[in-house]
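# What the coordinates show
Residue-level listing of the chains:
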Amino acid sequence: MASDVLNLNVGVLGHIDSGKTALAKVLSTTASTASFDKNPQSKERGITIDLGFSSFEVDFPECLRDETTANTNYLQFTLVDCPGHASLIKTIIGGAQIIDMMMLVVDVTKGMQTQTAECLVIGEITCDKMIVVLNKIDLLPADRKLSMIEKMTKKMQKTLEKTKFAEASVIPVAAKPGGTETIEIPSMKMMKKVKSIQMFKKPVDRAVQGGRVGICVTQFDPKMLERGVVSSPGTITVTYAAVASVKKIPYFKSTCCTKAKFHISVLHDTVMAKVTFFGLAANISKEVCDNQMSDLKAKGVENINFDFSKEYKYQDELFPECSRNCEEKLVQNENGFVPVQQFVLLEFERPVLIYHGALFIGSKLDTDIHANICRLAFYGHIQELFTDNKYTENALPNLKVYKQKMKEGIVERIVNDQEVIGKSIFKKETNIQIFIGLNINLSTGESGKIDGSFGQSGKIKIHVPGGLKESTKSLLSTTKKKGKGKEDLAMSGHANVDQHVKLQLTFKRYIYDTKKRMIQI
């Protein structure tokens with residue numbers, strides 16, 4: 001890019017027929033080969049179906065000048081015109097990942113619509129600045145125009161109150177007054193020899209991420225080219241699965257369940273993936289959780305990085321962000337479990353090209369496009385890549401995600417002062433060998449260890465190193481009923497003969513451990 005020009009990518013997003021392309025046309029002074037619905041399919045269907053690029057320049061504002069822009073004379077705005085149809089959300093997400101700010105275009109006669117809301121969500125994820133454009137004000141009745149604009153402006157400001165765009169400007173315009181066509185801007189023509197790299201007809205000597213450039217290549221069949229990613233060698237790799245930080249989008253009202261499949265949009269690709277959610281967590285209170293998150297944000301850390309050396313707790317579902325809804329989450333999670341940071345394992349149905357740190361968005365795009373609901377479910381950033389197609393064997397066993405388990409049973413009878421027989425903890429088919437050596441607690445206060453199996457029905461032998469209390473032995477004294485072959489648990493000096501000594505075993509299991517070992521908590 002020329003050294004005297006600074007480029008800013010502005011996404012033009014909104015519901016279909018809100019006038020996005022018309023707005024881009026009237027603002028732009030230079031068009032690219034992909035602009036203003038030049039695609040034959042766009043003309044046939046009468047809608048934008050792919051990203052459009054156009055630009056205009058202004059003198060560089062002095063209020064933005066600093067050491068890095070001392071020699072900058074112009075500020076170039078590249079308008080990224082995104083489709084608005086629900087079925088083209090994949091393209092919208094792809095375009096939004098290269099924008100620096102966005103214009104949310106709203107039909108003033110209709111207000112917020114389904115895809116308007118989805119575009120607002122995408123904007124919250126991908127950029128920090130937004131302008132709301134109330135378009136088509138020329139269609140309002142002349143005698144009520146000002147009051148209707150004021151009413152819609154207040155509605156939009158109310159909608160934005162709880163978003164990062166609460167202070168966004170709301171600007172009324174008529175991009176195509178009376179429905180007349182604006183003057184068509186000539187597009188660039190394809191060149192057959194490599195002469196230069198250009199950005200909107202101006203020669204440049206370099207290109208950066210998000211830049212719209214034309215590269216002239218000779219002896220190359222354009223039909224062989226499809227949308228992809230240009231990168232330096234080694235930056236992007238073929239990936240079969242990935243671990244990423246993840247946050248739930250609050251507007252998505254359904255549950256994000258582990259083992260479910262979602263559409264994952266990353267770079268310009270969208271692929272189905274099975275998800276497994278897990279969290280870096282502790283059994284902590286809301287106050288402690290809030291303090292930890294505040295400390296991290298004070299240090300400028302929005303996310304805790306994934307680390308293979310740490311242990312993570314398996315989650316049946318993705319929870320709302322802790323800092324937003326900690327109290328509700330404490331109710332939803334048993335034992336006061338609060339994930340300080342949530343992660344997701346994405347297992348793609350086909351290999352994808354990803355780079356470390358890439359933004360991704362998880363969606364339910366198979367939802368009825370006519371339903372008035374948000375289809376965008378969660379988002380995050382890629383932190384670990386599994387580039388081996390045998391990752392389930394070679395990589396996943398290193399992922400320490402565990403499930404916490406608890407089993408309960410009762411003491412059937414006493415063998416001696418240091419040994420009892422337990423039942424109702426394991427099933428007949430359970431491999432009790434993997435539990436040998438684990439601690440098990442008696443409801444009477446003693447602690448024992450599983451010593452082995454007893455018989456073939458799932459019963460176990462429990463060794464009590466410290467010995468049984470006299471009161472426990474008394475409680476476990478048994479007598480056989482004559483002729484019935486059953487044992488009663490009799491309490492000396494007490495009338496209640498149905499009271500049992502209960503057993504409780506707590507442990508955890510790493511879900512990707514190929515040896516299926518049980519770990520004591």
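Keep in mind that this is a model prediction, so the values were computed, not measured.

With that settled, the discussion passes to the confidence of the model for the chain. Confidence in the prediction for the chain averages 80 pLDDT; 74% of positions are at 70 or higher. Segment residues 180-192: pLDDT under 50, and 24 contacts once partners within four positions in sequence are set aside and those in other chains are kept. This model gives residues 479-498 a pLDDT under 50, and the stretch forms 28 contacts once residues within four places in sequence are excluded.

Across the sheet, seven strands lie side by side as β2-β3-β4-β1-β5-β6-β7; this open sheet has mixed pairing. What marks the edges here is a single partner per strand, and that holds for β2 (30-31) and β7 (169-172). Taken strand by strand, helix α4 (residues 114-126) contacts β1 (5-14), β5 (101-107) and β6 (130-135), and its axis lies near 170° from that of β5.

The terminal C-alpha atoms of α4, which comprises 13 residues, lie 19 Å apart, in line with the 18 Å expected from a rise of 1.5 Å per residue. Counting buried residues in α4 gives twelve out of 13 residues, a clear majority hidden from the surface. Considered for burial, the residues of α4 that qualify are Thr 114, Gln 115, Thr 116, Glu 118, Cys 119, Leu 120, Val 121, Ile 122, Gly 123, Glu 124, Ile 125 and Thr 126.

What follows is about unusual backbone geometry. The backbone of Ser 424 shows a phi angle near 70°, a positive value even though the residue is not glycine. For Ser 424, a relative accessible area of 53% puts it in the exposed group. Of note in the backbone geometry, Lys 516 takes a positive phi value of approximately 55° without being a glycine. For Lys 516, a relative accessible area of 54% corresponds to the exposed category.

How each quantity is defined
- What you see as residue numbers is a count from 1 along each chain, following the sequence as written.
- Per-residue local features are limited, in this predicted model, to residues with pLDDT of at least 70; the limit for side-chain atom pairs, both in listing and counting, is 80 or more; totals at the level of whole chains, interfaces and linings are taken over all residues.
- Remark: hydrogens and water are excluded; side-chain values derive from all non-hydrogen atoms of the structure.
- What pLDDT reports is the predictor's confidence in each residue, on a scale of 0 through 100.
- The criterion used for residue contact is that any of the two residues' heavy atoms lie within 4.5 Å.
- Should DSSP find at least two bridges between two strands, the strands are regarded as paired.
- Under the scheme used here, helices are H or I runs from DSSP no shorter than 4 residues and strands are E runs no shorter than 2 residues, and both carry numbers assigned from the N terminus.
- To define axes, lines are fitted to C-alpha atoms, for helices over the stretch in contact only, and angles between the resulting N-to-C directions are given on a 0 to 180 degree scale.
- Every helix has an expected span of 1.5 Å times one less than the residues it contains.
- Between buried and exposed lies partly exposed: a residue is buried under 20% and exposed over 50% of the maximum accessible area for its type, with that area taken using a 1.4 Å probe on protein chains only.

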